[in-house]
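Each chain is listed here by its residues.
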Amino acid sequence: MPYSAPTDTTTDNLAAAFQIEGWPVRGRLVRLGSAVDEILSAHAYPEPVAALLGEACALAALVGSSLKFEGRLIVQAQGDGPVRYVVADYDTSGTLRGYCRFDEAEVAAASTGFARPGARTLLGEGVFIMTLDQGPDFDRHQGITPIEGESLSLCAEHYFAQSEQVPTKVRLAVGQIVGDDGVAHWRSGGAMIQAVAGDVTRGSTEEVWDRTRALFQTLGDDELIDPTITPETLLFRLFHEDGVRLEQPLPLAAVCRCSPERIVGVLGSFSDAERADMVEDDGKIRVTCEYCSTVYALDPAEVASNADS
């Protein structure tokens, strides 16, 4: 069914926390339209691979937007399956980028069934990794757990249970919506709830958590990616009897951090002989960013000058 893109940009490309009145539960919601479409359309990904990367982007925004410091959250999964690795890189300014490396023939062989192959089928035996990067003045913090289940949402739930000991439920959805222009555009969405531990004042929170999980399970994939359903409407459908409030959303955008200066700096780490082998017939060194597919044509003399300085 075709949908029109929302005219109110506050309903799309956002991450926001939500509160259920009086409940010891934290929640977050992510809606990605043009931002994830730009990331997934940068490469000719097979449909299952694009969907996996769309999940990773939504998950990175869900978790990363909750950080209380300036820096980056990197969500990565890698294994021995048709998809060698998937990575989504979230910056706390609200920017996203992502990339998948895969074997096209192996992905095609894994995609012969009726259902879209999920994370475990595509990634095989491997690990799920979340990395917190606060910049060069701090050590990176990295958590690693085995890949569990046929979706990155299950991997994330397992990660939080093992690494953070926080009861967590995650829903992720990715799909294509045909717009008024007749073109199919990628969309993704995600929602996450986490239990707040009980204490002397609060008492046990298990009963409330069980009720929240039951309501959360009624959330449909179509609701997460439907551009005609606002975040407020989505949350009202889930928790209207108890009162739910969406906090100020953070805008999200697809932004790659590549630049000519960064590429020149990387090339400067190679030897003169290695750089000489990179020079093409027209006298340029060409480098393609694996994230956004931007091609940089560089003058070898400029690269050499930077390496010598």
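Residues numbered from 1 in each chain as written. Predicted model: local features only at pLDDT ≥ 70, side-chain atom pairs only at ≥ 80, totals over all residues. Heavy atoms only, no water.

1. So, the overall build of the protein
Within the protein, the regular secondary structure consists of 11 helices and 14 strands. A globule of 309 residues ought to have a C-alpha radius of gyration of about 19 Å, and the protein, at 21 Å, matches this closely. Structurally, the protein occupies a C-alpha span of about 70 × 50 × 40 Å along its principal axes. For the protein, the residues scored as buried account for 46% of the 309 residues in total. Long-range pairs, those at least 24 residues apart, make up 64% of the contacts in the protein between residues at least 6 apart in sequence. Counting only carbon and sulfur atoms, one obtains 50% of the accessible surface of the protein, whose full area is about 15100 Å². Side chains of the protein give 24 positive and 47 negative charges; the mean places of these two sets differ by 4 Å. (Helix = DSSP H or I, 4+ residues; strand = E, 2+ residues; numbered from the N terminus. Rg over C-alpha atoms; globule rule 2.2 N^0.38 Å. Buried < 20%, exposed > 50% of the residue type's maximum accessible area, 1.4 Å probe, protein only. Contact = heavy atoms within 4.5 Å. Areas by Shrake-Rupley, 256 points an atom, 1.4 Å probe, with all protein chains shown as cover. Lys, Arg positive; Asp, Glu negative; His and termini not counted. Charge placed at Lys NZ, Arg CZ, Asp CG, Glu CD.)

2. Re helix 1 (residues 34–41)
Every buried residue belonging to helix 1 is among Ala35, Val36, Asp37, Ile39 and Leu40, and all of these are buried. Of the surrounding elements, those touching the buried residues of helix 1 are strand 2 (25–32), helix 2 (47–64), strand 5 (95–102), strand 9 (184–195) and strand 12 (253–254).

3. Digging into the nonpolar core
Counting residues in hydrophobic clusters, the biggest one holds 64 residues, and the most contacted among them are Leu32, Leu59, Phe128, Met130 and Leu152. Here the element with the most residues in this core is helix 2; it accounts for 13 residues. Discounting chain neighbours no more than four positions away, the residues touching Met130 are Leu59, Val63, Leu73, Ile74, Val75, His141, Gln142, Gly143, Tyr159 and Phe160. In this structure, Phe18, Val25, Leu29 and Phe239 belong to the second largest nonpolar core, which totals 19 residues. (Core = buried A, V, L, I, M, F, W, Y, C linked by side-chain atoms within 4.5 Å.)

4. With respect to the confidence of the model for the protein
On average, residues of the protein score 88 in pLDDT, and 93% of them are at 70 or above. Scored below 50 in pLDDT, residues 1–9 makes 13 contacts in the model with residues more than four places away or belonging to other chains. (pLDDT = per-residue confidence, 0-100.)

5. Quick look at the packing of helix 2 against helix 5 (residues 152–164)
Between helix 2 and helix 5, whose axes approach to 10 Å, the crossing angle comes to 35 degrees. Facing helix 2, whose interface residues are Leu52, Glu55, Ala56, Leu59 and Val63, helix 5 presents Leu152, Ala156 and Phe160. Class assignment of the residues belonging to the contact of helix 2 with helix 5 gives a composition of 7 nonpolar, no polar and 1 charged. (Axes fitted to C-alpha atoms, helices over the stretch in contact; angles between N-to-C directions. Nonpolar A, V, L, I, M, F, W, Y, C, P; charged D, E, K, R; others polar.)

6. Description of the pairing of strand 14 (residues 295–298)
In the case of a regular strand, side chains alternate between the two sheet surfaces. Alternating positions in strand 14 separate cleanly, Tyr296 and Leu298 being buried on one face and Val295 and Ala297 remaining unburied on the opposite face. Direction of pairing for strand 13 (residues 285–288) relative to strand 14: antiparallel, over a ladder of 4 bridges. Along strand 14, the bridge assignment pairs Val287 with Tyr296. If you look at the hairpin formed by strand 13 and strand 14, you'll find 6 residues sitting between the two strands, and Ser293 has a positive phi there, around 70 degrees. (Pairing = 2+ DSSP bridges.)

7. Description of the sheet that holds strand 4 (residues 83–91)
If you walk across this open sheet you meet the 6 strands as 7-6-3-4-5-12, and the pairing is mixed. Edge positions in the sheet fall to strand 7 (141–146) and strand 12, since each of these pairs with one other strand and no more. With 8 bridges joining them, strand 3 (residues 72–79) and strand 6 (residues 126–133) adopt antiparallel strand pairing. Its bridge partner being in strand 6, Ala77 is matched across the sheet by Phe128. Seen against the sheet, helix 5 touches strand 3, strand 6 and strand 7 and runs at an angle of roughly 115 degrees to strand 7.

8. Points about helix 9 (residues 260–267)
Helical periodicity: at 3.6 residues per turn, an α-helix aligns residues three or four positions apart in one direction. For helix 9, the set of buried residues is Ile263, Val264 and Leu267. Projection of helix 9 onto a plane perpendicular to its axis shows the buried side chains occupying an angular sector of 100 degrees, all on one side. (Arc of directions from axis to C-beta.)

9. Quick word on the state of the cysteines
One pass over the structure, following the stated rule, counts 0 disulfides. For Cys100, which is in no disulfide, the shortest distance to another cysteine sulfur is to Cys57 and amounts to 8.6 Å. Given a relative accessible area of 1%, Cys100 falls into the buried group. In this structure Cys256 is a free cysteine whose sulfur lies 3.5 Å from that of Cys289, the closest cysteine sulfur available. (Disulfide = S-S within 2.5 Å.)

10. Quick word on the environment of Ser305
Along the chain, the position of Ser305 falls in helix 11 (residues 300–308). The spacing of Ser305 and Val107 is 198 residues in sequence and 43 Å in space, taken between C-alpha atoms.

11. Notes on the packing of aromatic side chains
Inspection of the entire model under this criterion finds 7 aromatic pairs. For the pair Tyr99 and Tyr291, a centre-to-centre distance of 6.2 Å together with 55 degrees between the ring planes defines the contact as tilted. Pair noted here: Tyr99 is in strand 5 and Tyr291 is in the loop between strand 13 and strand 14, with a separation of 192 residues, a long-range link. Assessed through its relative accessible area of 12%, Tyr99 is described here as buried. Taking relative accessible area as the criterion, Tyr291 reaches 14% and is therefore assigned buried. Joined through ring pairs, the aromatic side chains of Phe18, Trp23 and Phe239 make up one cluster. (Phe/Tyr/Trp six-rings, centres within 6.5 Å; stacked < 30°, edge-to-face > 60°.)

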